[in-house]
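Letter by letter, the chains look like this.
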Amino acid sequence: MCGIVGYIGNQEAQPILLDGLRRLEYRGYDSAGIAVMQQQKISVRKCAGRIDKLQQLTDASPLHGSIGIGHTRWATHGEPTDLNAHPHTDVKGDIAIVHNGIIENHAALRRHLEAQGCVFVSQTDTEVVAHLIHTLYRGDMMAALQQAIRMLSGSYALAVLCESEPDVLYCVRLGSPLVVGVGQGEMFLASDIPAILPHTRDVLILEDREIAVLKRGSIEVFDDLGARKTPAPLHVSWDAAAAEKGGFAHFMLKEIFEQPDAVRKTLSAYCGPDGLQEMLPGAPDLVNFIACGTAYHAGMAGAYYFAQLADTESAAHIASEYRYRKLFPHANEAVVAISQSGETADTLAALRQAMEMGAHTAALTNTLGSTLDRTVSRSLLTYAGPEIAVASTKAYITQVETLLLMAMDLGLRKGKLTRERAKELLDGLAKLPEKMESLLKNQAYLQQYCDRHMHEKLMFFIGRGMDHSLAMEAALKFKEISYLPCEAYAAGELKHGPIALINNGTPVIAICTQESLLEKTLSNLRETKARGAETICVCPQRFAERAAREADIVWTVPDADELLLPLLVMLPMQLLAYHMAVAQGRDVDKPRNLAKSVTVE
Ligand code: G6P
């Protein structure tokens, strides 16, 4: 979703802004633009389409100056056109802004500003902010911004350039993330940390309603009433290379290959020589997970682990549904929000609901310093490193792993899990990265399958229990990057409707990791075969013989403890989606219409 960059220093701003925008491309966008202060005058270049197109514009007509702002837009109000692209300016063009988020009262403000003579040129909600600031500006941008944010409702991260104050870059946020990179005699602004990593690892994360005043050698932060604040910068351990492709054709492929390492790091973060850390505070007897997309599927796996290992009632909820649901307070409930980015608007809103209800809350996120990380008192991190591809892979795997560890910790503390069983699982987990590595070595069979099946019209993924959550995640990967219609179903539910969709040759992939459900799922697979489906079973080596009796094709993963198999079987599923998308010539890392970080409802 939209991305913001900004620069103030002594270097040429244009290449730094364009490079920053490229690093934010993964968030998803459909137009882009920059504004640079050129000899005390603001100049804008912007266009619909990719950053390469913007680069052509700036190559043909470069902007020279050492202060600037840039933006990638993911259209919400108005189509992706040149005029709707950011930056937006006021009537005179002496104030330029970029904005992430949604101004909910934009229509009323627009009427009010039009009545005062402002002429609008775009359909965006953002343009009202440029005109509003202009009408409020009386020679002091701090004062104008303080007034403006009292009049805006919705969410925003804003960066502002003003010709009357040509050596200052202003920014403010509410609900949408904004980070400042602190350099030597220069400051960098971005929507997220990877965009500024090549320049500095010292970052300052702005809080809601904070206004930051960036000058070349200083940063001052004020609250919305003008009181000075002194936030401490955070030192980020990720290095810039972690957010580069490093020889892989796509970020997604690189991230799939980083999974063994991510699993190792996450395990060692929570399990030291003295055993498992206490992860969830207290001993809740009801655990609810709230999340969106892939993180929701991780939550489904987590609910299964909590039931199995901690004997604790647990369920996963789609955050956008949970937030509007009637909630019933429970004396000893924990609500855990799961989010790779830690910025997903629906997840944050659902978390606030849970907090208001009085539940104990915790977070599981990949992003240190994200809004989610800072909202809860107990934040657990996944150690996947920066995830750039829109389709989540390594973040998901480490979420599932951490949820397994959380369930084990609770199970041990509640006396529901024996030390011996916990040791067995931890030993198995320690061996898992090697098995993942061996699995990743051979992917030719998946590539060949995709080359043969690239013209499929529909695919099915089925499974029971834990495997149903894996089937849903596998299907989501397919939809996201190959755009192939996929159904993910609880295997036993197929006969109640979706089986009608099966045609001659429709691929049906059954995920089977649980011994007790194997025969049941295989018999559902047989039912689809009887109706013409081409059936595939994905299972551990030890089920191969039984699976081969029913399925046309069997893809195996190395044997492992049943509860660890989800971390293995997802690898061929991710690779399958990847190769299908490549075979179809899709934009794997930046699929159409999708955004990595969804900061609007
Ligand atoms: C978007 C992304 C998905 C992601 C979901 C939740 O829809 O495209 O890949 O799973 O948001 O994101 P989060 O950062 O909260 O995990």
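Student: Sorry if this is basic, but what is going on with the packing of aromatic side chains here?
Tutor: Within this structure, the stated rule accounts for seven aromatic pairs. For the pair Phe 248 and Phe 257, a centre-to-centre distance of 5.5 Å together with 45° between the ring planes defines the contact as tilted. By relative accessible area, which is 28% here, Phe 248 ends up partly exposed. Residue Phe 257 is classed as partly exposed on the basis of its relative accessible area of 28%. A ring pair is formed by Tyr 449 and Trp 555, whose centres lie 5.2 Å apart and whose planes are at 90°; its orientation type is edge-to-face. Of this pair, Tyr 449 sits in helix H14 (residues 444–453) while Trp 555 sits in strand E27 (residues 553–557), placing them 106 residues apart in sequence. Like Tyr 449, the residue Trp 555 is buried in the burial classification. It is Arg 50 that lies over the ring of Tyr 29; its NZ or CZ is 4.8 Å from the centre. It is Arg 592 that lies over the ring of Tyr 483; its NZ or CZ is 3.9 Å from the centre.

Student: Mind showing me how you'd approach the layout of surface pockets here?
Tutor: In this structure, the largest pocket occupies an estimated 650 Å³ of space. If you trace the largest pocket, you find 31 residues lining it, with Cys 292, Gly 293, Thr 294, Glu 480 and Ala 595 closest to the centre. Of all the secondary structure elements, the ones that give two or more residues to the lining of the largest pocket are helix H8 (293–310), strand E20 (333–339), helix H10 (345–357) and helix H15 (466–482). Per-class residue counts for the lining of the largest pocket are 14 nonpolar, 11 polar and six charged. When residues of the lining of the largest pocket are sorted by domain, at least three fall in each of domain 2 (245–441) and domain 3 (443–588). Quantified by volume, the second largest pocket comes out at close to 430 Å³. Taken together, the elements giving at least two residues each to the lining of the second largest pocket come down to strand E15 (234–235) and helix H7 (259–270). Here the residues of the lining of the second largest pocket sort into 11 nonpolar, six polar and five charged. Looking at which domains feed residues into the lining of the second largest pocket, each of domain 1 (3–241) and domain 2 (245–441) gives three or more.

Criteria and thresholds
- Residues numbered from 1 in each chain as written.
- Predicted model: local features only at pLDDT ≥ 70, side-chain atom pairs only at ≥ 80, totals over all residues.
- Heavy atoms only, no water.
- Phe/Tyr/Trp six-rings, centres within 6.5 Å; stacked < 30°, edge-to-face > 60°.
- Buried < 20%, exposed > 50% of the residue type's maximum accessible area, 1.4 Å probe, protein only.
- Helix = DSSP H or I, 4+ residues; strand = E, 2+ residues; numbered from the N terminus.
- Lys NZ or Arg CZ within 6 Å of the ring centre and 35° of its normal.
- 1 Å grid on protein atoms, 1.4 Å probe; cavity = no way out; pocket = protein on both sides within 12 Å on 5 of 7 lines; lining within 4 Å.
- Points joined across faces, edges and corners; volume = space filled by probe spheres on them.
- Nonpolar A, V, L, I, M, F, W, Y, C, P; charged D, E, K, R; others polar.
- Domains from an automatic or database assignment.

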